[in-house]
Structures are given as structure tokens and as C-alpha cells.
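Residue-level structural notes
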Amino acid sequence: MQKNQKNPYDRREFLKGTTAVAGATAIGTLLPTGMALAQQGKLKIGLMLPYTGTFAQLGVAITNGFKLAIEERGGKLGGREIEYFTVDDESNPAKAPENANKLVQRDKVDVVVGTVHSGVAMGMAKVIRESGTLWINPNAGADEVTGALCAPNIFRTSFSNWQTTHALGKVLKAKGHKNAVFITWKYAAGEQMMAGFKEGFEKEGGKLTKELYVPFPQVDFQALLTEIASIKPDAVVAFFAGGGAAKFLKDYQAAGLKGKIPLYGSGFLTDGVLDAVGDAGEGVETTLHYADGLDTKKDKAFRLAYAKTFKLQPDVYAVQGYDAGQLLAAGLDAVKGNVGDKAAMIKAMESAKIDSPRGPWTLSKSHNPVQDMYLRKVVGKENKNMGVAWKALADPARGCKA
Ligand code: BEZ
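Residues numbered from 1 in each chain as written. Predicted model: local features only at pLDDT ≥ 70, side-chain atom pairs only at ≥ 80, totals over all residues. Heavy atoms only, no water.

**Examining the sheet that holds strand E5 (residues 134-137)**
Pairing in this open sheet of six strands is mixed, and the strands run E2-E3-E1-E4-E5-E6 from one edge to the other. Each edge of the open sheet is held by one strand with a lone partner, namely strand E2 (76-77) and strand E6 (154-156). Alignment of E2 against strand E3 (residues 80-88), held across two bridges, turns out to be antiparallel. Across the sheet, residue Leu-77 finds its bridge partner in E3, namely Arg-80. (Pairing = 2+ DSSP bridges. Helix = DSSP H or I, 4+ residues; strand = E, 2+ residues; numbered from the N terminus.)

**Structural notes on the site of the ligand**
The full set close to the ligand counts 16 residues, and Val-116, His-117, Ser-118, Gly-141 and Tyr-187 are the nearest of them. For the ligand, an oxygen atom lies 2.9 Å from a polar atom in the backbone of Gly-141. Protein chains shield 100% of the accessible area of the ligand, which is 260 Å² for the free molecule. The cavity where the ligand resides is the largest cavity. (Near = heavy atom within 4 Å. Polar contact = N/O pair within 3.5 Å; in protein donor to acceptor, adjacent residues only side chain to side chain. Areas by Shrake-Rupley, 256 points an atom, 1.4 Å probe, with all protein chains shown as cover. 1 Å grid on protein atoms, 1.4 Å probe; cavity = no way out; pocket = protein on both sides within 12 Å on 5 of 7 lines; lining within 4 Å. Sits in = over half its atoms within 2 Å of the grid points.)

**Let's talk about the environment of Tyr-306**
With respect to the helices and strands, the residue Tyr-306 is situated in helix H11 (residues 297-310). Using a relative accessible area of 2% as the deciding quantity, one classes Tyr-306 as buried. Here the alpha-carbon distance between Tyr-306 and Leu-212, two residues 94 residues apart in the chain, equals 37 Å. Not counting residues up to four positions away in its chain, the partners in contact with Tyr-306 are Ala-61, Asn-64, Gly-65, Leu-68, Lys-311, Leu-312, Gln-313, Pro-314 and Ala-318. (Buried < 20%, exposed > 50% of the residue type's maximum accessible area, 1.4 Å probe, protein only. Contact = heavy atoms within 4.5 Å.)

**Details of the state of the cysteines**
Applying the stated criterion across every chain, the model contains one disulfide. Across the disulfide, Cys-150 is cross-linked to Cys-400 (sulfur-sulfur distance 2.2 Å). As the torsion about the S-S bond is roughly 90 degrees, the Cys-150-Cys-400 disulfide counts as right-handed. Of this pair, Cys-150 sits in the loop between E5 and E6 while Cys-400 sits in the segment after strand E14 (382-393), placing them 250 residues apart in sequence. (Disulfide = S-S within 2.5 Å.)

**Quick notes on helix H12 (residues 316-334)**
Over its 19 residues, H12 extends 27 Å from the first C-alpha to the last, a length consistent with the 27 Å expected when each residue adds 1.5 Å. Along H12, 16 of the 19 residues are buried, which leaves the element largely enclosed by surrounding structure. Backbone nitrogen of Tyr-317 and a side-chain oxygen of the N-cap are separated by 3.1 Å at the start of H12; the cap is Asp-315. Just past H12, the residue Lys-336 takes up positive phi, approximately 50 degrees. (Expected span 1.5 Å × (residues − 1).)

**Brief notes about the packing of H12 against helix H13 (residues 342-350)**
One can describe the packing of H12 onto H13 by two numbers: an axis separation of 8 Å at closest approach and a directional angle of 135 degrees. Taken together, the axis directions place H12 and H13 in an arrangement best described as oblique. H13 is crossed by H12, and the crossing has right-handed handedness. For the pair formed by H12 and H13, the contact residues are Leu-327, Leu-328, Ala-330, Gly-331, Leu-332 and Ala-334 on the first element and Met-345, Ala-348 and Met-349 on the second. Its residues assigned to classes, the contact of H12 with H13 shows eight nonpolar, one polar and no charged. (Axes fitted to C-alpha atoms, helices over the stretch in contact; angles between N-to-C directions. Parallel < 35°, antiparallel > 145°, perpendicular 65-115°, else oblique. Left-handed = near helix turned anticlockwise from the far one by under 90°. Nonpolar A, V, L, I, M, F, W, Y, C, P; charged D, E, K, R; others polar.)

**Thoughts on the packing of aromatic side chains**
Taken as a whole and assessed by the stated rule, the structure comprises 19 aromatic pairs. An angle of 75 degrees between the planes, with centres 5.8 Å apart, marks the rings of Phe-55 and Trp-185 as edge-to-face. One end of the pair, Phe-55, is in the loop between strand E1 (43-49) and helix H3 (56-71); the other, Trp-185, is in strand E7 (residues 179-186), with 130 residues separating them in the sequence. Residues Phe-55 and Trp-185 agree in their burial class; the two are buried. When the ring of Phe-240 is compared with that of Phe-248, the centres are 4.9 Å apart and the planes differ by 35 degrees; the resulting orientation is tilted. Exposure remark for Phe-240: the relative accessible area of 0% places this residue in the buried category. On the accessibility criterion, Phe-248 (0% relative accessible area) is buried. (Phe/Tyr/Trp six-rings, centres within 6.5 Å; stacked < 30°, edge-to-face > 60°.)

**Thoughts on the domain arrangement of the protein**
In terms of domain boundaries, the protein breaks down into domain 1 (11-159 + 295-367) and domain 2 (163-288 + 376-393). For domain 1 versus domain 2, the separation of C-alpha centres amounts to 30 Å. Summed over both sides, the interface of domain 1 with domain 2 buries roughly 1300 Å², with 61% coming from carbon and sulfur. Where domain 1 packs against domain 2, one counts zero salt bridges. Run the count over domain 1 and domain 2 and you get five residue pairs in polar contact (both at pLDDT 80 or more). For the side of domain 1 that touches domain 2, the elements supplying multiple residues, two or more each, are H3, helix H5 (118-131) and H12. Split into classes, the residues belonging to the side of domain 1 that touches domain 2 amount to six nonpolar, eight polar and three charged. (Domains from an automatic or database assignment. Buried area = accessible area lost by both parts, 1.4 Å probe. Salt bridge = Lys/Arg side-chain N within 4 Å of Asp/Glu carboxyl O.)

The following block contains the structure:
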């Protein structure tokens, strides 16, 4: 950037820009409250999520969780009714800018909630940063979103990819594993989870001996499982999610590796898939910011409400969607539904303490959750909580200058 050129993503410049909008809407505050709210009309929320493909179930769980949080508030946020605009992003990074623009430019939504796939999130980021539209990311872990691409209008209620595997280094060390192989899809999420694990494991004196990749969203694992059998590492660590995770667990068992080489992963490997895999997941240990059996009042109430409403059991994706609704509610309550007062809304969201089914969490300066990472073990159909593997883990937010 040239000298004297203003950086629109700089926090002060961004908020200065929003005061013009706030000034223009300030006239609304001269009107009686009821009239002002009627003038504001419905709050437009854009959901950009995968509803087809390998991550389709994840998109549905996030949508359910988000809508549950809104319904618990009487279907309104900051006193305003909601109008939803939905785009199926198909987990396709090439279509991400076009899809984001459907919500931002065409539908002129007040807030975008999305997405699941890290590559799609990277494609959304440019559109979101340029438009200044409020963005709540309820899953995609791309480290850059709350790292080099962080901005005042960008929030995440899920995790950074780095966060989900970093604690595994300590876990493997405690089990006495000295070396490991990492297997994943070849795209940002897989590569960054691999790097987060490598950093944590090497700090503990372990060695990552091989990185194995399949193209996203392929699920042909046979050749790589044969390679793992010949390497005979102390442990295998994997990131797959949704339909791909279910297929990997079954193939790992069918290849005769289950029970021979212990399998670990970020918790997406076993979340939301246990009903589909028989006993192929049994004993797999993972780290994640949610687990079964947390046994808190909030989690119990959430699970009951979710099961009653959707006739489904919630998973980590549902929790992240629910918390996206809770975070948005915190912002909108603070400005009584006046999204034009972006500075006040952002301030309220930044300081929100989210009472989540996963346990309470707050946001880091770069707008990523600071949260406990649980060690989980598959027992039957549950990702059983085995305790906290890392208390209040914060992403390093490398490159964030906001
Ligand atoms: C990602 O692409 O960031 C991602 C997708 C599914 C589960 C977790 C992360």
C-alpha cells in the first residue's frame, strides 16, 4: 500500500466510514421508536452455506442451530423480524465471489452468515472486506480469516484450523507416540490443520514423518492406506469431515489398520458421522471445542431444544450456528436493531461473553473464539468428553493488523 493511501480495513478508518451511515440513520432516532423500527423493516440475513455435496449435512446443522437461536428470541433480533436469503455455495471456491455477491450486491443483506469450506471463505473474504458487510463465519477455519485478512466487520464463531489440531501434539506425547503420519484433503483446511499439529507435536519432541494428501472432495483412500501400512508410524492423524470422514473411518477399518495403528484427528473426523459408520469410529481420539457429555445446564437445554425442534441430535456444526445467532443477537440488542450503527454493534459483539453449549467463550482481538479444546474418545455413538486438552486456546492470529 502506498504512503498516504488509507487502508479501508484499518479499524479507525472502517469505523469512520460507518459513522457517515450512522449519521444518515440518526434521523431515525428522532422518530418514535415504533415508527423507527417499522422504517427499518425486516433484518436481512444472508446464509451462504453448502446444501449439496460432501458438506451438505454441515450446512444444514449450522442453519438449524442459527435459526434455533433466533427462535429462542421470539424470531426477532434487536426488535426486528428476520428475512432470510439463502445461497448454496456447493463448497466450490471458484464460485465463492459470485455467490457472496448474490447476497451482498443483489439481495443487499445486512449480515452474511457463512460458510463451511476454508477455500470458499477465502473467496468470500475479498467481497466482504470491500463491501464492509458484517460477516459471521460459523465454521470455515481458514487461518487467514482472523489472521492476515482480519477486519472489524469479520467475526468467527467456530475455530481457526490451527486451533483444532494444536493440542493433539500434547495428547500424542502423553501416549508415548514419537512419530506420526498426517492424512487429509489437499486444500487450506487440511494443510493448516496439518501445520497446527506439526507445530504442537514438534514442540513436544515428536516428529511428523509423512504428509499424505487426496484432492478435495475425493474419497479414494486405498493407495494412501496401503502406504501407511508400509510406513508403520506410531500414530495416524487425520482431517476429513462430513461424508468424507465417514468413508475414511470405514476404509481405515477395512484396510485392517484399526486396532493396529492408533487413529487421531481434529474432531471433525468423528463429529456428526458416528451413526453412519457402525463401529469403525470406536476408540478414535480427537481434539475439538465441543464434546458429548459436557453435562452443563446450557448444553443440556440446547440439546433438548435442538432434538425437539429438528428430530436430530446436534453436533459441533449446530453449536457453531447457534453461537453465530447468539453473537448477532448481542450486537443487535446493543443497537436496538439499528444495523446502521455499525461501530456500536461491532463493539458489543467484540465484548460479548457467549454462553455456549460448548462452554463460555469470548472473542480474541482478531475476532476468533478463545476456547477450551476437549479431548474426546469415540465410545459407542458418542464423542465422549475425556477432559480439557488445552484451556482457553487462542489462535496466534498471525498477520492480523486490525
Ligand atoms: C474447512 O474447510 O475449514 C472445514 C470444513 C469442514 C470441517 C472443518 C473445517
